[in-house]
Amino acid sequence: MIRRYPIILALAIVLLVIFATSSVGGSEEHTVGLIQHDAGALEGYTLLGPLRSGTTYLIDNDGMVVHSWQSAYEPGAATYLLENGHLLRTASIDDETFTAGGSGGRIEEFNWDGNLVWEYEYATDRYFAHHDIAVLPNGNILILAWDLKTRGEAIAAGRDSRLLEDDELWAEQVVEIRPTGASGGEIVWQWSLWDHVVQDNDYFDANFGSVADNPQLIDLNYFNPSRPEGGEADWVHANALDYNAELDQIMISARHFDELWIIDHSTTTEEAASHSGGASGMGGDILYRWGNPQAYDAGSADDQMLFLQHDAQWIRSGLPGEGNILIFNNGNGRTPENYSSVDELVPPVDGDGNYSLTPGEAFGPDALTWTYEASTPTDFYSSFVSGAQRLSNGSTLIGAGALGTIFEVMPDGQQVWRYVNPVTADGPLAQGDEIPNRSNIFFRAMRFEPSYPAFEGKTLTPQGVIELEKGAVPPTPSATVDAPTVTPTSTLVPPTSTPVPPTPTATPVPVLLGDVNDDGMVNSVDSLLILQHVAELLDDLANADAADVNGDGVINAVDAALILQFVAGLLANLP
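Parameters and conventions
- What you see as residue numbers is a count from 1 along each chain, following the sequence as written.
- In view of the model being predicted, local features appear only for residues whose pLDDT reaches at least 70, and side-chain atom pairs are presented and counted only at 80 or more, with totals across whole chains, interfaces and linings using the full set of residues.
- Side-chain metrics rest on all non-hydrogen atoms present in the structure, leaving aside hydrogens and water.
- Secondary structure elements follow DSSP: runs of H or I of four or more residues count as helices, runs of E of two or more count as strands, with numbering from the N terminus.
- Note on classification: 1.4 Å probe, protein chains only; a residue is buried when its accessible area is under 20% of the maximum for its type, exposed when over 50%, partly exposed between these limits.
- In this scheme, strands are said to pair when DSSP sees at least two bridges between them.
- Interaxial angle, 0 to 180 degrees, is taken between N-to-C directions of lines fitted to C-alpha atoms, where a helix line uses only the stretch in contact.
- Each Phe, Tyr or Trp ring (for Trp, its six-membered ring) is paired with any other whose centre lies within 6.5 Å, and the angle between the two planes then decides the class: stacked below 30 degrees, edge-to-face above 60, tilted in between.
- Only when the NZ of Lys or the CZ of Arg is both within 6 Å of the ring centre and within 35 degrees of the ring normal is a charge said to sit over the ring.
- Between N or O atoms, a polar contact is any pair within 3.5 Å; within protein, one atom must be a potential hydrogen donor and the other a potential acceptor, and residues adjacent in sequence are included only when both atoms are from side chains.
- In what follows, a contact means two residues having at least one pair of non-hydrogen atoms within 4.5 Å.
- Working definition of a nonpolar core: buried Ala, Val, Leu, Ile, Met, Phe, Trp, Tyr and Cys residues. They are joined through side-chain atoms within 4.5 Å.
- pLDDT is defined as a per-residue confidence score from the predictor, taking values between 0 and 100.
- Just to be clear on terms, a salt bridge is a Lys or Arg side-chain nitrogen sitting within 4 Å of an Asp or Glu carboxyl oxygen.

Points about the overall build of the protein
Phase 1 of the analysis: The helix and strand tally for the protein stands at six helices and 29 strands.
Phase 2 of the analysis: Relative to its 575 residues, the protein shows a buried fraction of 55%.

A closer look at the sheet that holds strand 12 (residues 184-192)
Phase 1 of the analysis: On the basis of which strands lie adjacent, the open sheet formed by four strands has the order 9-10-11-12 and antiparallel pairing. Strand pairing shows two members of the sheet lacking a second neighbour, strand 9 (127-135) and strand 12, which therefore form its edges. The average angle at which neighbouring strand axes cross in this sheet is 30°, direction not considered.
Phase 2 of the analysis: Here strand 9 runs beside strand 10 (residues 141-150); their pairing, made up of six bridges, is antiparallel. For Ala134, the partnering residue across the bridge sits in strand 10 and is Leu142.

Looking at the packing of aromatic side chains
Phase 1 of the analysis: Counted according to the given criterion, the structure contains 24 aromatic pairs.
Phase 2 of the analysis: Summarising the aromatic geometry, the rings of Phe98 and Trp170 are spaced 5.0 Å apart at their centres and angled 55° between planes, so their arrangement reads as tilted. Here Trp170 lies in strand 11 (residues 168-180) and Phe98 lies in the loop between strand 6 (87-92) and strand 7 (105-110), a separation of 72 residues in the sequence. Trp170 shares its class with Phe98; the two are buried.
Phase 3 of the analysis: Plain terms: the ring middles of Trp417 and Tyr419 are 6.0 Å apart, the flat faces sit at 10° to each other, and that makes the pair stacked. An identical accessibility class is assigned to Trp417 and Tyr419; each is buried.
Phase 4 of the analysis: Every member of this aromatic cluster is reached through a ring pair, and the members are Tyr45, Trp69, Trp112, Phe448, Tyr452 and Phe455.
Phase 5 of the analysis: Just above the ring of Tyr339 sits the side chain of Arg334; from NZ or CZ to the centre is 4.1 Å.
Phase 6 of the analysis: One Lys or Arg, Arg390, reaches over the ring of Trp370 and ends 5.2 Å from the middle of that ring.

Things to note about the environment of Ala182
Phase 1 of the analysis: Relative to the assigned elements, Ala182 resides in the loop between strand 11 and strand 12.
Phase 2 of the analysis: Spatially, the C-alpha atom of Ala182 lies 8.5 Å from that of Tyr120, the residues being 62 residues apart in sequence.

Overview of unusual backbone geometry
Phase 1 of the analysis: Across the junction of Thr335 and Pro336, the peptide omega takes the value 0°, indicating a cis bond.
Phase 2 of the analysis: Inspection of the secondary structure assignment puts Pro336 in the loop between strand 20 (325-329) and strand 21 (341-345).
Phase 3 of the analysis: Omega for the bond connecting Gly364 with Pro365 falls within 30 degrees of zero, at 5°, which places this linkage in the cis form.
Phase 4 of the analysis: Along the chain, Pro365 falls in the loop between strand 21 and strand 22 (370-372).
Phase 5 of the analysis: The backbone of Asp297 shows a phi angle near 55°, a positive value even though the residue is not glycine.

Notes on the side chain of Ser253
Phase 1 of the analysis: Topologically, Ser253 is positioned in strand 16 (residues 249-254).
Phase 2 of the analysis: Within the structure, the side chain of Ser253 is placed 2.8 Å from the side chain of Asn239, a separation counted as a polar contact.
Phase 3 of the analysis: Filtering out sequence-adjacent residues up to four positions away, Ser253 remains in contact with His237, Ala238, Asn239, Ala240, Glu259, Gln309, His310, Asp311 and Ala312.

Re the sheet that holds strand 21
Phase 1 of the analysis: The antiparallel open sheet is built from four strands, whose spatial order is 19-20-21-22. Strands with a single pairing partner mark the edges of an open sheet, and in this sheet they are strand 19 (310-314) and strand 22. Averaged over all neighbouring strand pairs, the angle between strand axes comes to 10°, with direction disregarded.

Topic: the environment of Phe455
Phase 1 of the analysis: Position of Phe455 among the secondary structure elements: in the loop between strand 29 (442-448) and helix 4 (524-534).
Phase 2 of the analysis: The class of Phe455 is buried, set by a relative accessible area of 6%.
Phase 3 of the analysis: In the structure, Phe455 is positioned 370 residues away from Gly85 in sequence and 6.6 Å away in space, judged by C-alpha atoms.
Phase 4 of the analysis: Residues contacting Phe455, with those up to four places away along its chain left out, are Tyr45, Leu58, Leu81, Trp112, Phe448, Glu449, Pro450 and Leu460.

Overview of the pairing of strand 19
Phase 1 of the analysis: Most of strand 19 sits out of view: five of its five residues are buried.
Phase 2 of the analysis: Alignment of strand 19 against strand 20, held across three bridges, turns out to be antiparallel. Following the sheet pairing, Trp314 is matched in strand 20 by Ile325.

A short note on the nonpolar core
Phase 1 of the analysis: The biggest cluster of nonpolar side chains holds 32 residues, and the ones touching the most others in it are Val174, Leu193, Trp235, Ile250 and Phe257.
Phase 2 of the analysis: Where this core is concerned, the elements lending two or more residues are strand 10, helix 2 (151-157), strand 11, strand 12, strand 15 (238-244), strand 16 and strand 17 (259-264).
Phase 3 of the analysis: Not counting residues within four places of it along the chain, the set of residues in contact with Leu193 comprises Ala171, Glu172, Ile218, Trp235, Val236 and Trp261.
Phase 4 of the analysis: Judged by nonpolar contacts, the second largest core, of 23 residues, contains Tyr80, Ile107, Trp118 and Ala145.

Section: the confidence of the model for the protein
Phase 1 of the analysis: In the predicted model, the protein carries a mean pLDDT of 88, and the fraction of residues at 70 or more is 86%.
Phase 2 of the analysis: Here residues 478-483 scores under 50 on pLDDT; set against residues more than four positions off or in separate chains, the count is five contacts.
Phase 3 of the analysis: Note that residues 485-511 has pLDDT below 50 and, in this model, 118 contacts with residues that lie over four places away or in other chains.

Notes on the pattern of salt bridges
Phase 1 of the analysis: Tallied over the full model, the rule gives 16 salt bridges.
Phase 2 of the analysis: Residues Arg126 and Glu153 are paired through a salt bridge, measuring 2.8 Å at the closest nitrogen-oxygen approach. Residue Arg126 is located in the loop between strand 8 (116-121) and strand 9, and its partner Glu153 is located in helix 2; the two are separated by 27 residues in the primary sequence.
Phase 3 of the analysis: On the basis of relative accessibility, which here comes to 31%, the residue Arg126 falls in the partly exposed class.
Phase 4 of the analysis: Look at Glu153 and you get partly exposed, because its relative accessible area is 32%.
Phase 5 of the analysis: Arg447 is the partner of Glu408 in a salt bridge, and the nearest nitrogen-oxygen pair spans 2.5 Å. With a gap of 39 residues between them, Glu408 in strand 25 (residues 405-409) and Arg447 in strand 29 connect regions that are remote in the sequence. One exposure class covers both Glu408 and Arg447, and it is buried.
Phase 6 of the analysis: Put simply, Arg89, Arg106, Glu108, Glu119 and Glu121 are held in one network by salt bridges that share partners.

A look at the pairing of strand 29
Phase 1 of the analysis: In terms of burial, strand 29 is a largely internal element, seven of the seven residues being buried.
Phase 2 of the analysis: Both strand 2 (residues 45-50) and strand 29 contribute to a ladder of five bridges, which runs antiparallel. What sits directly across from Leu47, in strand 29, is Met446.

Thoughts on the side chain of Asp147
Phase 1 of the analysis: If you trace the backbone, Asp147 turns up in strand 10.
Phase 2 of the analysis: At a separation of 3.4 Å, a polar atom in the side chain of Asp147 contacts the side chain of Lys149.
Phase 3 of the analysis: With residues up to four places along the chain from it excluded, the contact list for Asp147 reads Arg126, Leu169, Trp170, Ala171, Glu172, Gln173 and Ser192.

Dropping the structure here:
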């Protein structure tokens with residue numbers, strides 16, 4: 001059969017390249033899904049958890065869904081793919097007190113088959129889980145949570161009453177949970193920011209001291225100039241947790257301070273509430289902070305490096321830049337104009353986890369070791385959410401969450417892969433649709449290589465794209481989603497690589513002709529199957545009747561080319 005159709009087959013292959021290029025190369029009508037896939041992109045699967053959906057997707061580099069998980073809740077923010085193939089995710093539950101961005105309150109664990117195997121709520125009227133979690137090597141989970149203080153408690157601790165516009169203050173805490181049963185957890189360690197504050201506002205209030213002389217403590221009266229002058233309850237707005245097993249330290253991204261903080265996890269809970277103990281000898285005090293020396297009276301606005309950042313993290317061992325810190329620097333408040341960047345810095349730390357600081361000066365470094373920004377910086381600006389991940393090939397995966405866009409850049413800034421999230425609260429968009437402002441936001445995205453342990457023994461068959469065909473109308477979303485049944489078999493296995501969220505099944509398109517693999521959709525996969533069949537590399541087709549697209553009684557490369565033209569929008573309908 002190959003000898004019978006050499007010219008047609010060759011033409012079909014050429015057409016495949018042309019149409020594939022046109023379909024991802026940024027044509028005017030290509031608004032969502034895969035936009036770019038060039039040589040040099042790291043092979044793997046990207047975890048995407050849209051913030052307006054209960055579905056978490058795993059997509060391949062061609063923008064095809066290979067797996068998904070469904071929850072009854074939208075994400076609180078972060079989602080992680082564990083090495084055992086389970087999805088660990090935050091979930092957003094209703095609350096009347098803690099209503100700021102990133103509000104969660106709940107954690108869920110789903111197995112690969114989508115069964116809910118563990119759930120836990122850390123939510124009362126005084127504390128509430130938000131934004132992020134981190135899995136420890138022993139399987140325990142760190143939870144980032146708000147810790148409400150009343151107006152009276154805040155003033156007694158030294159908060160200036162003029163900075164209590166909301167009549168309450170939310171401090172931050174980190175709690176370590178040991179999962180128990182199908183829906184429980186035991187608190188085994190805890191750190192509270194409230195134990196490590198200083199204020200120079202009132203000599204007669206608690207915690208009085210010099211802010212400049214105590215960089216290891218948090219100024220209780222610091223407020224970001226870009227925030228309300230009267231203060232706000234969500235004073236710190238921490239938005240990320242990361243854990244370093246080699247140092248046994250925790251990193252916290254403090255957005256409203258424009259800083260990252262590092263604390264000692266080797267302490268007991270009692271030591272964590274004090275100023276001594278642990279490997280550092282500093283108890284729960286701040287070991288290292290960076291991004292905004294103004295926050296501890298060690299610099300001016302000219303020294304500020306971070307601007308309402310997200311996703312502060314250590315680059316994992318074995319990756320280019322291992323041990324360095326990578327941050328998505330959102331860029332709100334930069335001068336003269338706002339723009340985002342992804343920044344990498346080398347922290348001044350020795351092998352024992354000690355950070356150098358000259359008394360009276362700011363923590364270093366004063367320069368970055370690598371940064372990514374657009375050629376025209378203001379062309380790249382994601383004002384909230386967002387993250388970045390260093391990959392094994394040296395490139396960096398960037399999730400511009402406020403823009404709904406994920407892209408991979410090489411060390412020199414060259415972009416080699418780009419994908420636009422098509423999922424909104426109303427369901428997937430159709431190709432060519434204009435994207436409503438902030439409708440397709442996500443918190444982070446992460447890529448996992450095919451060798452990641454979660455995929456061992458798993459079938460990752462492309463199931464089609466998430467977005468609908470051009471002109472299609474999304475189905476009306478259900479008013480409610482039934483909560484999954486809990487199966488009490490939680491087996492948390494911590495990841496050695498950075499985790500990532502799962503993927504739901506793409507919405508099928510009701511087309512029969514051309515649907516060669518009988519998956520309810522007509523796409524480039526069907527065309528490739530025909531070519532494999534023509535080349536005698538594939539004996540049978542799942543839906544052979546649909547493969548004869550032009551109805552001439554023969555399945556050949558012409559049928560494959562017609563499908564490609566239809567997928568590329570060059571044909572309104574198949575013959």
